[in-house]
Structure formats: structure tokens, C-alpha cells
Amino acid sequence: VDLGHVEMAGESCSDGKCCRWTVLLNNRAVCACHVLAVEAANQRVQTLHHFGSHPLVQHVRAAQGPCGRCLGAHVLTTFDLLRESPQLSLSRLRQRLVAIPCECQLAGHVVRAVSQGLGQPAGPPV
């Protein structure tokens, strides 16, 4: 199993620096390109597809402009941060999200959605 392409289509950067193939591994956001399948055996792996109906995902997908290639990295990183700290400050969230390579300014849409409460109340399914 190639975790970098579980339920996803497209090309990766081949070195994991793009964060495009971010997954939650036991509720922690990780770049799947850096995880061997044997390391993920018997672990809980969730992709963006597990959260397709979550209000945060729906809001960001509805925003005009973003290409969405890094949507998984932004959303799953946000869920990981909110799990760590339910009272996450928007400045800390923004700081983590801008570190994700992104050409479409998706971080701003995610921060706006979280500030509207779309990421916090429901959180990711457990």
C-alpha cells in the first residue's frame, strides 16, 4: 500500500516536501510520503476523504480561487492542531498553515473558516 496515494489521484513531489499527501496517522498529521506502509500497519490512517462532509472542508471547497491541491494538508493539519489544543489561537494556526507549500493562498480560507467556528465544534470524527 502506498500511503501517499491512498484514495487520492495526482502526482506527488517524490520527496515529501510538498505535504500534498498529508494523512492523519493515529490522529496526527503526517506526510504520507515519509511513512512506510509497514509503519502504518495496524494503525489508524485517515485521508481527506474521511472528512468530506465536515463543515470546514465544505467551506474551503466552496471558496473561489483555491486550486485545492493542498487542501488535505491544510485541513488535516488544522484537525491535528485543534486536537492538540481546542482553544487554538488563529495566529498559531496561521503560522503552521503558511509553512505548507501552497500557491493558491488556501491557508487564509482555512483560518477564516476556523474563525467562523467551522473547524472547532464538530472536530474530525474519531
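Residues numbered from 1 in each chain as written. Predicted model: local features only at pLDDT ≥ 70, side-chain atom pairs only at ≥ 80, totals over all residues. Heavy atoms only, no water.

Here we take up the overall build of the protein chain. The number of helices and strands found in the protein chain is 5 helices and 3 strands. Considering the protein chain as a whole, with its 126 residues, one finds that 40% of them fall into the buried category. Contacts in the protein chain between residues far apart in sequence, at least 24 positions, make up 56% of those at least 6 positions apart. Summed over its atoms, the accessible surface of the protein chain is roughly 6900 Å², and 50% of this surface lies on carbon and sulfur atoms. (Helix = DSSP H or I, 4+ residues; strand = E, 2+ residues; numbered from the N terminus. Buried < 20%, exposed > 50% of the residue type's maximum accessible area, 1.4 Å probe, protein only. Contact = heavy atoms within 4.5 Å. Areas by Shrake-Rupley, 256 points an atom, 1.4 Å probe, with all protein chains shown as cover.)

Below, the discussion takes up unusual backbone geometry. Phi is positive for Asn27, which is not a glycine, with a value near 70°. With respect to the helices and strands, Asn27 occurs in the loop between strand S1 (22–25) and strand S2 (28–31).

This paragraph deals with the pattern of salt bridges. Taken as a whole and assessed by the stated rule, the structure comprises 4 salt bridges. Here Asp80 ties to Arg28 by a salt bridge, and the two come within 3.7 Å at their closest N and O atoms. Remark: Arg28 occurs in strand S2 and Asp80 occurs in helix H3 (residues 71–84); sequence separation between them is 52 residues. The exposure class of Asp80 is buried, given its relative accessible area of 4%. Judged by its relative accessible area of 41%, Arg28 is partly exposed. Its salt-bridge partner being Asp80, residue Arg83 comes within 2.6 Å of it at the nearest N-O pair. Here Asp80 and Arg83 lie together in helix H3, a separation of 3 residues that amounts to about one turn. With a relative accessible area of 35%, Arg83 lands in the partly exposed category. When salt bridges that share partners are traced, they join Arg28, Asp80, Arg83, Glu84 and Arg92 into one network. (Salt bridge = Lys/Arg side-chain N within 4 Å of Asp/Glu carboxyl O.)

This paragraph deals with the sheet that holds S1. One open sheet accounts for 3 strands, arranged S2-S1-S3; its pairing is antiparallel. Taken across any chain shown, the strands that pair with only one partner, and hence form the sheet edges, are S2 and strand S3 (45–46). Where S1 and S3 come together, 2 bridges link them in antiparallel fashion. Counted as the bridge partner of Leu24 is Gln46 from S3. (Pairing = 2+ DSSP bridges.)

Attention shifts here to helix H5 (residues 106–115). Of all 10 residues in H5, 7 are buried; the element is thus mostly enclosed. Regarding H5, the residues found buried are Leu106, Ala107, His109, Val110, Val111, Ala113 and Val114. Looking one or two residues past H5, Gly117 carries a phi angle of roughly 85°, positive in sign.

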